[in-house]
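Listed below, chain by chain, are the residues.
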Amino acid sequence: GAELYDPSTNSWSAAGNLATRHGDSVAIRLQNGKVLISGGYNNGLLPSSDSEIYDPSTNTWTSAGNLNVARAEHTGVLLPSGKVLVVGGDGAAFSHTSAELYDPSTNAWSTAASPSTRRQHYSMTVLDNGKVLIAGGFGGATFDYLRSTETYDPVTDAWSNGGNMVVARGYHAAVLLQNGKILVCGGYNSNYLASGELYDPAVPAPFPQPKAFVV
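In this report, we go over the structure that sits alongside the text. (Residues numbered from 1 in each chain as written. Predicted model: local features only at pLDDT ≥ 70, side-chain atom pairs only at ≥ 80, totals over all residues. Heavy atoms only, no water.)

### As for the sheet that holds strand 14 (residues 123-126)
The four strands are arranged 14-15-18-19 in an open sheet whose pairing can be described as antiparallel. This sheet does not close on itself; its edge strands, each paired only once, are strand 14 and strand 19 (158-164). Each neighbouring strand pair of the sheet contributes to a mean axis angle of 25°, computed without reference to strand direction. Two strands pair when backbone bridges link them, and strand 14 and strand 15 (residues 132-135) are joined in this way by four bridges, in the antiparallel orientation. Along strand 15, the bridge assignment pairs Met-124 with Ile-134. (Pairing = 2+ DSSP bridges. Helix = DSSP H or I, 4+ residues; strand = E, 2+ residues; numbered from the N terminus. Axes fitted to C-alpha atoms, helices over the stretch in contact; angles between N-to-C directions.)

### Notes on the sheet that holds strand 7 (residues 75-78)
The strand order across the open sheet built from four strands is 7-8-11-12, with neighbouring strands paired in antiparallel fashion. At either margin of the open sheet sits one strand with a lone partner, and together these are strand 7 and strand 12 (108-112). This sheet shows a mean twist of 25° between the axes of neighbouring strands, independent of strand direction. Of the pairings in the sheet, the one linking strand 11 (residues 99-103) to strand 12 comprises five bridges and is antiparallel in character. Of the residues in strand 12, the one forming a bridge with Tyr-102 is Trp-109.

### Describing the pattern of salt bridges
In this structure the tally under the stated criterion is four salt bridges. Salt-bridge contacts for Asp-55 lead to Lys-34; the nearest nitrogen and oxygen are separated by 3.9 Å. On the criterion of sequence distance, the pair formed by Asp-55 in strand 5 (residues 48-55) and Lys-34 in the loop between strand 3 (26-29) and strand 4 (35-38) is long-range, its members being 21 residues apart. A residue is classified by how much of its surface remains accessible, and Asp-55, at 17% relative accessible area, is buried. Residue Arg-71 pairs with Glu-100 through a salt bridge whose shortest N-O separation is 2.7 Å. Of this pair, Arg-71 sits in strand 6 (residues 60-71) while Glu-100 sits in strand 11, placing them 29 residues apart in sequence. Note on Glu-100: relative accessible area 1%, which makes it buried. (Salt bridge = Lys/Arg side-chain N within 4 Å of Asp/Glu carboxyl O. Buried < 20%, exposed > 50% of the residue type's maximum accessible area, 1.4 Å probe, protein only.)

### Focus on the pairing of strand 5
Of all eight residues in strand 5, six are buried; the element is thus mostly enclosed. Pairing between strand 4 and strand 5: four bridges, direction antiparallel. In the sheet register, Val-35 faces strand 5, and the bridge partner there is Tyr-54. In this structure, strand 5 lies alongside strand 6, joined through six bridges in antiparallel fashion. By the bridge assignment, Glu-52 is partnered in strand 6 with Ser-63. Between strand 5 and the antiparallel strand that follows it, strand 6, lie four residues; Asn-59 among them carries a positive phi value of about 55°.

### A look at the packing of aromatic side chains
Counted under the stated rule, the structure contains seven aromatic pairs. Centre to centre, the rings of Tyr-5 and Trp-12 are 5.2 Å apart; their planes meet at 50°, and the pair counts as tilted. Since its relative accessible area comes to 40%, Tyr-5 is described here as partly exposed. Both rings, one in Tyr-102 and one in Trp-109, keep their centres 5.2 Å apart while their planes meet at 50°; by these two values the pair is tilted. Side by side, Tyr-102 and Trp-109 carry an identical accessibility label, which is buried. Through pairs of rings, three or more aromatic residues link up here, namely Phe-138, Tyr-145, Tyr-188 and Tyr-192. (Phe/Tyr/Trp six-rings, centres within 6.5 Å; stacked < 30°, edge-to-face > 60°.)

The values are spatial; any link to function lies outside them.
Listed below in structure tokens is the structure:
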């Protein structure tokens, strides 16, 4: 099930039941005010391709079609176009590189270009220029915590290397600052981390781009 919190009354109320379970899924607020839930672990504790839409005006859920690839422990962002990008996550063969786009105007998913590295438990942040940065996570060729980052251009549907973080990390937090830089902090890599880093998208450099990150 789902619940709604009302800050004016400091209370919770039922928000209807989803059609399926969505453990470790992604929830994104769309431009029309509705909420998209994609993937996650289902009733059989397997990555799911199910996605659903919550309409707060009717307090009901409806189908948002199926992802092209079942996934959980993935991440998603709302793009300036109004579409939703989801990438990677845990799939049938563990973490994978696939990416896809949800279009609210057609209520359907389409395949997007895939990043070069498979990952889960990473961060994904929309930059001021409309591109998307994915950083760190767990996976890669050796299924370890990652320093690598990549940027996605929704206009060209293409990925490019974004440089290496100072510290390999997953389960971390990332936020876009007012100056256009991205703050990455905390996370895990053999132990819980207290370090933080800044990514500057204005620093032009080929991969790797270590100077774009500072502790």
